[in-house]
Amino acid sequence: MMDSSLEKCDGNVESKMGLVRPATEDYAQEAVEAIKAGKVIAVPTDTLYGFACDACSVEAVNRIYEIKGRKYTSPLAICVGNVEDIKHFAVTDHLPPGLLDCLLPGPVTVILRRGDSSILEKSLNPGLESIGVRVPDCNFIRVICSGSQSALALTSANLSGQPSSVDIRDFKNLWEHCSYIYDGGVLPSGRAGSTIVDLTKLGMYKILRPGSAKEETIAILERHSLLEDGSAT
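As annotated in an unreviewed UniProt entry, the protein chain is Threonylcarbamoyl-AMP synthase from Coffea arabica. Under the heading Catalytic activity (unreviewed entry), UniProt records this for the protein chain: "L-threonine + hydrogencarbonate + ATP = L-threonylcarbamoyladenylate + diphosphate + H2O".

A. Examining the nonpolar core more closely. Judged by nonpolar contacts, the single largest core of 52 residues is most densely connected at F51, I78, I86, V110, F171 and L199. The set of elements that each furnish at least two residues to this core consists of β5 (49-54), α2 (58-68), α3 (99-103), β7 (108-113), β8 (130-134) and α5 (214-223). Counting residues per element, this core draws most heavily on α2, which supplies five residues. Aside from chain neighbours lying at most four places away, what touches F171 is A42, Y49, F51, A157, S165 and I181. Formed by 18 residues, the second largest nonpolar core is a distinct cluster that contains C138, F140, L152 and L154.

B. Representation of the UniProt feature "domain: YrdC-like" (unreviewed entry) in the protein chain in the model. According to UniProt, the feature "domain: YrdC-like" (unreviewed entry) maps to residues 25-213 in the numbering used here. As a span, residues 25-213 carries 19% helix and 23% strand, and end to end its C-alpha atoms are 27 Å apart.

C. Up close: helix α1 (residues 28-36). Within α1, the full set of buried residues consists of A28, A31, V32, A34 and I35. All buried residues of α1 project into a common sector of 160° when viewed along the axis, lining one side. Looking at the packing, one finds that the buried side of α1 touches β4 (41-44), β5, α4 (139-148), β9 (152-156) and β10 (180-183).

D. Broad picture of the sheet that holds β10. Within the open sheet, the 11 strands sit side by side as β3-β10-β4-β5-β9-β6-β8-β7-β11-β12-β13. Their pairing is mixed. Looking along the sheet, the strands with just one partner apiece sit at the ends: β3 (20-22) and β13 (227-228). The pairing of β5 with β9 spans five bridges and is classified as antiparallel. Bridging across to β9, A52 finds its partner in L154. Against the sheet, α1 engages β3, β4, β5, β9 and β10, with an angle of about 145° to β10. Sheet contacts for α2: β5 and β9; angle to β5, the most-contacted strand, approximately 150°.

Rules behind the numbers
Residues numbered from 1 in each chain as written. Predicted model: local features only at pLDDT ≥ 70, side-chain atom pairs only at ≥ 80, totals over all residues. Heavy atoms only, no water. UniProt positions renumbered as here; feature names shortened; annotations may be inferred. Core = buried A, V, L, I, M, F, W, Y, C linked by side-chain atoms within 4.5 Å. Buried < 20%, exposed > 50% of the residue type's maximum accessible area, 1.4 Å probe, protein only. Helix = DSSP H or I, 4+ residues; strand = E, 2+ residues; numbered from the N terminus. Contact = heavy atoms within 4.5 Å. Arc of directions from axis to C-beta. Pairing = 2+ DSSP bridges. Axes fitted to C-alpha atoms, helices over the stretch in contact; angles between N-to-C directions.

Below, the structure is given as structure tokens:
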């Protein structure tokens, strides 16, 4: 009997399972082509599964908001392939030398000012002068970033307000909205997500979300002589 989950995708009839691929470098180029074509894919990171697309594609970014049922006023973070790529998208020259290399790659999202030199599309998080940036400690997604020669818009693979996903089966109800789902197995970090730290102020830091690496992150920040910003958010 034919599987009731059969879907039409890109003109071909295939099951939802047919969209699932292993998260290995053998499939990275396929993922890169999907990103360049303005598609949304689901990928593992070092914390949670996420929806990713080209951060410079307005249509793809809007699609992520639609899939998640997310308010357009809620900003998206970006993901880049290497620490040295961050300076193309955000202001980093106020940070102590070596700080970003100690924090990243890793389960940390750094909030930085976009600045006038950022090559990010103005349509991503309009009206916000800052941007959250990730370099996950996950080779698959970093290869995709580098291959696409762009930043990826990245957000957790779940409906807004629902638990985050550490297994592709956690968001099976949303598979049909993705071009591909890349399976990296059950992720070991729990559901805490990345630690979010605001580094927009010179010499200061503020933890905005404890996430999965708060203590390690604070230790690195204070080792680089940054002080906690105690002002109200």
